[in-house]
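# Structural features, examined
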Amino acid sequence: MDDATKSAAAKFDESRAGEYATQSRIALAGYDACHELTACVLATSLGTGRPARILIVGAGGTGQEIVTSAALEPAWRFTAVDPSEPMLSLARSRVASTPAAARTTFHLGTVQELPVRSTFDAATLIGVLHHLPGVDAKQDLLRAIAARLEPDAPFILAGNYRAYASEPLLLATWAQRWRMHGASPDEVKAKLGKILQGVDPPASEHAVESLLTDAGFEAPTRFFSSLFWGAWVTRKV
(Lines give C-alpha, C1' and ligand atoms only; values in the text may rest on other atoms or scores of the structure.)
Protein backbone atom coordinates (compact mmCIF):
# COMPACT_ATOMS: atom_id res chain seq x y z
CA MET A 1 0.00 0.00 0.00
CA ASP A 2 1.50 3.36 -1.01
CA ASP A 3 1.96 6.28 1.40
CA ALA A 4 -0.95 8.31 -0.02
CA THR A 5 -3.36 5.43 0.46
CA LYS A 6 -2.02 4.68 3.94
CA SER A 7 -2.51 8.31 4.95
CA ALA A 8 -6.07 8.41 3.61
CA ALA A 9 -6.99 5.08 5.22
CA ALA A 10 -5.51 6.07 8.59
CA LYS A 11 -8.08 8.86 8.97
CA PHE A 12 -10.87 6.29 9.03
CA ASP A 13 -10.04 4.63 12.33
CA GLU A 14 -12.57 2.87 14.59
CA SER A 15 -13.83 6.17 16.01
CA ARG A 16 -14.55 7.77 12.66
CA ALA A 17 -15.84 4.52 11.18
CA GLY A 18 -18.30 4.13 14.02
CA GLU A 19 -19.99 7.44 13.30
CA TYR A 20 -19.72 7.30 9.53
CA ALA A 21 -23.25 6.14 8.71
CA THR A 22 -24.80 9.07 10.57
CA GLN A 23 -22.22 11.76 9.87
CA SER A 24 -21.94 11.09 6.15
CA ARG A 25 -25.65 11.70 5.69
CA ILE A 26 -25.31 15.09 7.37
CA ALA A 27 -22.14 16.06 5.53
CA LEU A 28 -23.68 15.07 2.20
CA ALA A 29 -27.20 16.36 1.79
CA GLY A 30 -28.74 13.79 -0.52
CA TYR A 31 -26.51 10.86 0.47
CA ASP A 32 -29.18 8.25 -0.20
CA ALA A 33 -30.35 9.96 -3.38
CA CYS A 34 -26.80 9.96 -4.76
CA HIS A 35 -26.48 6.21 -4.17
CA GLU A 36 -29.92 5.51 -5.59
CA LEU A 37 -29.13 7.48 -8.75
CA THR A 38 -25.78 5.70 -8.99
CA ALA A 39 -27.59 2.35 -9.10
CA CYS A 40 -30.07 3.68 -11.65
CA VAL A 41 -27.36 5.14 -13.90
CA LEU A 42 -25.42 1.87 -13.81
CA ALA A 43 -28.54 -0.15 -14.59
CA THR A 44 -29.30 2.15 -17.52
CA SER A 45 -25.72 1.92 -18.78
CA LEU A 46 -25.41 -1.86 -18.43
CA GLY A 47 -28.97 -2.84 -19.29
CA THR A 48 -31.47 -4.10 -16.77
CA GLY A 49 -31.80 -7.71 -15.69
CA ARG A 50 -28.36 -8.75 -16.97
CA PRO A 51 -25.53 -10.34 -14.94
CA ALA A 52 -22.63 -7.97 -14.27
CA ARG A 53 -19.48 -7.83 -12.18
CA ILE A 54 -19.27 -4.54 -10.28
CA LEU A 55 -16.09 -3.22 -8.64
CA ILE A 56 -16.84 -1.05 -5.58
CA VAL A 57 -13.75 0.96 -4.62
CA GLY A 58 -13.82 2.54 -1.17
CA ALA A 59 -16.76 0.38 -0.14
CA GLY A 60 -16.21 0.78 3.60
CA GLY A 61 -18.66 2.32 6.02
CA THR A 62 -22.25 1.82 4.96
CA GLY A 63 -21.73 -0.41 1.93
CA GLN A 64 -24.55 1.68 0.48
CA GLU A 65 -23.50 1.25 -3.15
CA ILE A 66 -23.77 -2.53 -2.78
CA VAL A 67 -27.02 -2.62 -0.81
CA THR A 68 -28.80 -0.19 -3.12
CA SER A 69 -27.53 -1.62 -6.41
CA ALA A 70 -28.11 -5.23 -5.34
CA ALA A 71 -31.75 -4.49 -4.55
CA LEU A 72 -32.26 -3.04 -8.01
CA GLU A 73 -30.31 -5.68 -9.96
CA PRO A 74 -30.39 -9.20 -8.43
CA ALA A 75 -28.02 -10.62 -11.08
CA TRP A 76 -25.12 -8.29 -10.24
CA ARG A 77 -22.11 -9.52 -8.25
CA PHE A 78 -19.82 -7.19 -6.31
CA THR A 79 -16.16 -6.98 -5.34
CA ALA A 80 -15.79 -4.51 -2.47
CA VAL A 81 -12.35 -2.98 -1.85
CA ASP A 82 -11.23 -0.72 1.00
CA PRO A 83 -7.83 -0.15 2.70
CA SER A 84 -9.39 0.67 6.12
CA GLU A 85 -10.15 -2.42 8.18
CA PRO A 86 -12.69 -0.69 10.51
CA MET A 87 -14.55 0.75 7.53
CA LEU A 88 -14.56 -2.52 5.58
CA SER A 89 -15.79 -4.41 8.65
CA LEU A 90 -18.75 -2.04 8.92
CA ALA A 91 -19.64 -2.56 5.27
CA ARG A 92 -19.34 -6.31 5.64
CA SER A 93 -21.72 -6.25 8.64
CA ARG A 94 -24.23 -4.09 6.79
CA VAL A 95 -24.20 -6.23 3.66
CA ALA A 96 -24.38 -9.46 5.68
CA SER A 97 -28.00 -8.74 6.62
CA THR A 98 -29.11 -8.15 3.02
CA PRO A 99 -29.68 -10.34 -0.06
CA ALA A 100 -26.41 -8.95 -1.45
CA ALA A 101 -24.32 -10.96 1.04
CA ALA A 102 -24.03 -14.07 -1.14
CA ARG A 103 -23.09 -11.93 -4.14
CA THR A 104 -20.33 -9.84 -2.54
CA THR A 105 -16.62 -10.51 -2.09
CA PHE A 106 -14.64 -8.25 0.26
CA HIS A 107 -10.99 -7.33 -0.19
CA LEU A 108 -9.02 -5.47 2.50
CA GLY A 109 -6.47 -3.44 0.56
CA THR A 110 -6.25 -1.42 -2.63
CA VAL A 111 -7.38 -1.77 -6.21
CA GLN A 112 -3.75 -1.99 -7.24
CA GLU A 113 -3.49 -5.27 -5.31
CA LEU A 114 -6.21 -6.90 -7.37
CA PRO A 115 -4.99 -8.92 -10.38
CA VAL A 116 -5.20 -6.87 -13.57
CA ARG A 117 -6.81 -9.91 -15.22
CA SER A 118 -9.81 -9.52 -12.89
CA THR A 119 -11.93 -7.54 -15.32
CA PHE A 120 -15.21 -5.91 -14.29
CA ASP A 121 -18.25 -4.71 -16.19
CA ALA A 122 -18.57 -1.49 -14.14
CA ALA A 123 -17.05 0.29 -11.16
CA THR A 124 -17.82 2.97 -8.59
CA LEU A 125 -15.56 5.30 -6.62
CA ILE A 126 -17.68 7.29 -4.17
CA GLY A 127 -16.32 9.64 -1.50
CA VAL A 128 -12.69 8.64 -1.98
CA LEU A 129 -10.81 10.78 -4.49
CA HIS A 130 -10.76 13.99 -2.43
CA HIS A 131 -8.96 12.15 0.40
CA LEU A 132 -5.94 11.38 -1.81
CA PRO A 133 -3.23 14.08 -1.80
CA GLY A 134 -2.04 15.42 -5.12
CA VAL A 135 -2.79 14.69 -8.75
CA ASP A 136 -0.44 11.70 -9.01
CA ALA A 137 -2.18 9.66 -6.29
CA LYS A 138 -5.58 10.41 -7.80
CA GLN A 139 -4.35 9.51 -11.26
CA ASP A 140 -2.78 6.25 -10.05
CA LEU A 141 -6.06 5.12 -8.51
CA LEU A 142 -8.16 6.02 -11.55
CA ARG A 143 -5.72 4.27 -13.89
CA ALA A 144 -5.76 1.18 -11.67
CA ILE A 145 -9.55 1.09 -11.89
CA ALA A 146 -9.49 1.58 -15.66
CA ALA A 147 -7.00 -1.27 -16.02
CA ARG A 148 -9.47 -3.66 -14.41
CA LEU A 149 -12.52 -2.67 -16.45
CA GLU A 150 -13.81 -4.13 -19.68
CA PRO A 151 -13.75 -1.74 -22.67
CA ASP A 152 -16.76 0.62 -22.67
CA ALA A 153 -17.54 -0.28 -19.03
CA PRO A 154 -19.40 2.47 -17.15
CA PHE A 155 -17.66 4.10 -14.20
CA ILE A 156 -19.26 6.25 -11.49
CA LEU A 157 -17.06 8.84 -9.76
CA ALA A 158 -18.51 10.85 -6.87
CA GLY A 159 -16.90 13.13 -4.32
CA ASN A 160 -16.07 16.67 -3.35
CA TYR A 161 -14.48 19.03 -5.86
CA ARG A 162 -13.34 22.65 -5.68
CA ALA A 163 -11.13 24.01 -2.90
CA TYR A 164 -13.32 24.51 0.16
CA ALA A 165 -11.89 27.97 0.87
CA SER A 166 -12.81 29.07 -2.65
CA GLU A 167 -16.54 28.84 -1.85
CA PRO A 168 -17.14 30.54 1.53
CA LEU A 169 -20.93 30.56 1.06
CA LEU A 170 -21.02 26.80 0.49
CA LEU A 171 -18.64 26.20 3.39
CA ALA A 172 -20.83 28.27 5.72
CA THR A 173 -23.90 26.43 4.43
CA TRP A 174 -22.16 23.15 5.22
CA ALA A 175 -21.75 24.38 8.80
CA GLN A 176 -25.47 25.18 8.97
CA ARG A 177 -26.22 21.56 8.05
CA TRP A 178 -24.55 20.45 11.27
CA ARG A 179 -26.38 23.14 13.28
CA MET A 180 -29.65 21.97 11.72
CA HIS A 181 -28.93 18.52 13.14
CA GLY A 182 -28.35 19.79 16.67
CA ALA A 183 -24.62 20.52 16.79
CA SER A 184 -23.38 23.35 19.02
CA PRO A 185 -21.04 26.03 17.60
CA ASP A 186 -18.02 24.21 19.07
CA GLU A 187 -19.23 20.91 17.66
CA VAL A 188 -19.75 22.47 14.25
CA LYS A 189 -16.18 23.78 14.30
CA ALA A 190 -14.84 20.37 15.31
CA LYS A 191 -16.84 18.54 12.66
CA LEU A 192 -15.74 20.87 9.88
CA GLY A 193 -12.17 20.52 11.08
CA LYS A 194 -12.40 16.74 10.84
CA ILE A 195 -13.91 16.91 7.36
CA LEU A 196 -11.21 19.31 6.15
CA GLN A 197 -8.39 17.23 7.66
CA GLY A 198 -5.95 16.18 4.97
CA VAL A 199 -8.35 16.56 2.06
CA ASP A 200 -7.36 17.63 -1.43
CA PRO A 201 -10.38 17.79 -3.73
CA PRO A 202 -9.94 18.39 -7.47
CA ALA A 203 -9.89 22.11 -8.09
CA SER A 204 -12.86 22.23 -10.47
CA GLU A 205 -15.19 20.16 -12.61
CA HIS A 206 -12.74 20.66 -15.44
CA ALA A 207 -10.03 19.12 -13.23
CA VAL A 208 -12.30 16.10 -12.63
CA GLU A 209 -12.75 15.69 -16.38
CA SER A 210 -9.00 15.96 -16.97
CA LEU A 211 -8.26 13.32 -14.33
CA LEU A 212 -10.73 10.95 -15.92
CA THR A 213 -9.71 11.45 -19.54
CA ASP A 214 -6.01 11.19 -18.66
CA ALA A 215 -6.76 7.87 -16.91
CA GLY A 216 -8.43 6.39 -19.98
CA PHE A 217 -12.08 7.36 -19.60
CA GLU A 218 -14.46 9.38 -21.77
CA ALA A 219 -15.50 12.92 -20.83
CA PRO A 220 -17.95 12.50 -17.92
CA THR A 221 -21.57 13.55 -17.46
CA ARG A 222 -22.57 14.93 -14.06
CA PHE A 223 -25.87 13.52 -12.73
CA PHE A 224 -25.87 14.71 -9.11
CA SER A 225 -24.67 17.76 -7.17
CA SER A 226 -24.84 18.90 -3.54
CA LEU A 227 -22.73 21.82 -2.26
CA PHE A 228 -19.12 20.73 -2.94
CA TRP A 229 -20.14 17.24 -3.99
CA GLY A 230 -20.59 15.99 -7.52
CA ALA A 231 -21.30 12.61 -9.13
CA TRP A 232 -20.38 11.76 -12.71
CA VAL A 233 -20.75 8.82 -15.07
CA THR A 234 -18.22 8.00 -17.77
CA ARG A 235 -17.02 4.95 -19.69
CA LYS A 236 -13.66 3.32 -20.20
CA VAL A 237 -12.30 4.17 -23.63
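Preceding block: the structure.
Residues numbered from 1 in each chain as written. Predicted model: local features only at pLDDT ≥ 70, side-chain atom pairs only at ≥ 80, totals over all residues. Heavy atoms only, no water.

This next bit is on the overall build of the chain. Of the regular secondary structure elements, the chain holds nine helices and seven strands. In terms of its C-alpha atoms, the chain occupies a principal-axis envelope of roughly 50 × 40 × 35 Å. In the chain, which comprises 237 residues, the proportion classed as buried is 52%. Partitioning the contacts of the chain with sequence separation of at least 6, the portion at a separation of at least 24 is 77%. With an accessible surface of roughly 10,500 Å², the chain has 55% of that area assigned to carbon and sulfur atoms. Distance between charge centres in the chain, computed from 23 positive and 25 negative side chains, equals 3 Å. (Helix = DSSP H or I, 4+ residues; strand = E, 2+ residues; numbered from the N terminus. Buried < 20%, exposed > 50% of the residue type's maximum accessible area, 1.4 Å probe, protein only. Contact = heavy atoms within 4.5 Å. Areas by Shrake-Rupley, 256 points an atom, 1.4 Å probe, with all protein chains shown as cover. Lys, Arg positive; Asp, Glu negative; His and termini not counted. Charge placed at Lys NZ, Arg CZ, Asp CG, Glu CD.)

This brings us to the pairing of strand E2 (residues 76–82). Consecutive residues of a regular strand have side chains that alternate between opposite faces of the sheet. Where burial is concerned, most of E2 is hidden: six out of the seven residues are buried. Alignment of strand E1 (residues 52–57) against E2, held across six bridges, turns out to be parallel. Within E2, the residue paired with isoleucine 56 across the bridge is alanine 80. Note that the unit made of E1, helix H4 (residues 64–72) and E2 has a crossover that is right-handed. (Pairing = 2+ DSSP bridges. Right-handed = clockwise from strand over helix to strand, strands pointing away.)

This model, assessed by the stated rule, comprises seven salt bridges. For arginine 25, the salt bridge goes to aspartate 32, with nearest N and O atoms at 3.0 Å. Given a relative accessible area of 27%, arginine 25 falls into the partly exposed group. The class for aspartate 32 is partly exposed, based on a relative accessible area of 31%. Its salt-bridge partner being arginine 222, residue glutamate 205 comes within 2.8 Å of it at the nearest N-O pair. Remark: arginine 222 occurs in strand E6 (residues 221–226) and glutamate 205 occurs in helix H9 (residues 205–214); sequence separation between them is 17 residues. Judged by its relative accessible area of 38%, arginine 222 is partly exposed. (Salt bridge = Lys/Arg side-chain N within 4 Å of Asp/Glu carboxyl O.)

If you look at soluble globular proteins, the nonpolar side chains tend to sit buried side by side. Within the largest apolar cluster, 28 residues are counted, with the highest numbers of intra-cluster contacts made by Leu125, Ile145 and Phe155. Beyond its immediate sequence surroundings of up to four residues, phenylalanine 155 is in contact with Ala123, Thr124, Leu125, Leu142, Ile145, Leu149, Leu212, Phe217, Trp232, Val233 and Thr234. Val41, Ile56, Ala122 and Val233 belong to the second largest nonpolar core, which has 22 residues in total. (Core = buried A, V, L, I, M, F, W, Y, C linked by side-chain atoms within 4.5 Å.)

Turning our eyes to something else, we now look at the side chain of threonine 38. Among the structural elements, threonine 38 can be located in helix H3 (residues 31–46). For threonine 38, a relative accessible area of 2% gives the class buried. Setting aside residues no more than four positions away along its own chain, threonine 38 makes contact with Thr124, Ile126, Ile156 and Phe223.

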